[in-house]
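# A look at the structure
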Amino acid sequence: MGEHYFDAEPRSSSGSRPIKVSLPGRQIEMVTEGGVFSPKRLDPGTKVLLEGMGDLCGLPDAPIVDVGCGYGPIVAHLALTCPERRFWAVDVNARARQLCHTNMEMLGLADRVQVLSPQEIPAQPIAAMVSNPPIRVGKPALHELLEFWLSKVIAGGESWLVVQKHLGADSLKHWLTEQGWPTEKISSKKGYRLLRVGAAPGGSQRQPARSSSR
Ligand SMILES: C[S@@+](CC[C@H](N)C(=O)[O-])C[C@H]1O[C@@H](n2cnc3c(N)ncnc32)[C@H](O)[C@@H]1O
């Protein structure tokens, strides 16, 4: 079996290395390594997300979550942009979590960004989920992941996703709206759709339209 970027414990490694990451408005250095998603450069989908998403600094007070954080470019941008807020960075891949933690320390953000495995997620509502989600895990696993996180978003919160058009962005938008999360396509750029997902009426108190076991 080949190795995937979403493996829990990747085997291949060439050692960590620094890369320059151009975030909107600033360039930073981060460390990456083989066995995580897009280790050589900021993923073009992630770039579309960071350049096009709205300002989340004023959302209601609860953690903002980078779901599938990889080495941490999304949460780095968010935490540098909103210096008053707290974040969770979650990934199944242990190497990604380690790199993300190192990067948060290097950027002076470790006190506001908690790096967590899916087993460590507190039973607490959130203000937003931001993600370049792991589409390649397959539709059932992706839907379960999105249901879990979107159900935690409080009223007044919102979420942002970037998905490649040819990997089902339009049908995902349709499915999310059908489940009770009003979803808008904000932009379409370089083959990526940027989606804004509103909180369900009633926020995290609402029952999901379809039951899900995580
Ligand atoms: C498309 S990559 C995005 C990585 C990073 N955010 C970036 O933009 O470079 C998706 C990430 O989701 C992670 N992932 C897969 N399944 C997950 C799950 N159930 N919960 C959290 N993260 C998951 C993968 O390990 C991978 O790092």
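What counts and how
- Residues numbered from 1 in each chain as written.
- Predicted model: local features only at pLDDT ≥ 70, side-chain atom pairs only at ≥ 80, totals over all residues.
- Buried ≥ 20, exposed ≤ 12 C-beta atoms within 10 Å, placed from the backbone.
- Helix = DSSP H or I, 4+ residues; strand = E, 2+ residues; numbered from the N terminus.
- Pairing = 2+ DSSP bridges.
- Right-handed = clockwise from strand over helix to strand, strands pointing away.
- Axes fitted to C-alpha atoms, helices over the stretch in contact; angles between N-to-C directions.
- Contact = placed C-beta atoms within 7 Å.
- pLDDT = per-residue confidence, 0-100.

### Structural notes on helix 2 (residues 73-81)
Most of helix 2 is tucked away, with 7 of its 9 residues classed as buried. Those residues of helix 2 lying buried are P73, I74, V75, A76, H77, L78 and A79.

### Let's talk about the pairing of strand 3 (residues 64-67)
Side chains I64 and D66 of strand 3 all project onto a buried face; the interleaved residues V65 and V67 project onto the opposite face, where all are buried too. Here strand 3 pairs with strand 4 (residues 87-90) via 4 bridges, running parallel. In the sheet register, I64 faces strand 4, and the bridge partner there is F87. Each parallel crossover has a hand, and the one from strand 3 via helix 2 to strand 4 is right-handed. Both strand 3 and strand 6 (residues 128-131) contribute to a ladder of 3 bridges, which runs parallel. Bridged to V65 within strand 6 is M129.

### Some words on the sheet that holds strand 9 (residues 192-198)
Two orientations exist for strands paired in a sheet by backbone hydrogen bonds: parallel and antiparallel. One open sheet accounts for 7 strands, arranged 5-4-3-6-7-9-8; its pairing is mixed. Single-partner strands in this sheet number two, and they are strand 5 (113-116) and strand 8 (183-189). The mean angle between the axes of side-by-side strands here comes to 20 degrees, regardless of whether they run parallel or antiparallel. Running over the sheet, helix 5 (residues 169-178) touches strand 7 (158-164), strand 8 and strand 9 and is turned about 165 degrees from strand 8.

### A closer look at helix 1 (residues 44-52)
Within the sequence span of helix 1, burial applies to G45, T46, K47, V48, L49 and L50. Tucked into the core, helix 1 has its buried residues touching strand 1 (17-23), helix 2, strand 7, strand 8 and strand 9.

### What about the confidence of the model for the protein chain?
Scored by pLDDT, the protein chain has a mean of 92; 91% of the residues are at 70 or more. Segment residues 210-214 is flagged for pLDDT under 50; beyond a separation of four residues in sequence, or across chains, it makes 6 contacts in the model.

### Comments concerning the environment of Q179
For Q179, the position within the fold is in the loop between helix 5 and strand 8. In this structure, the C-alpha to C-alpha distance between Q179 and E147, residues 32 residues apart in sequence, is 8.6 Å.

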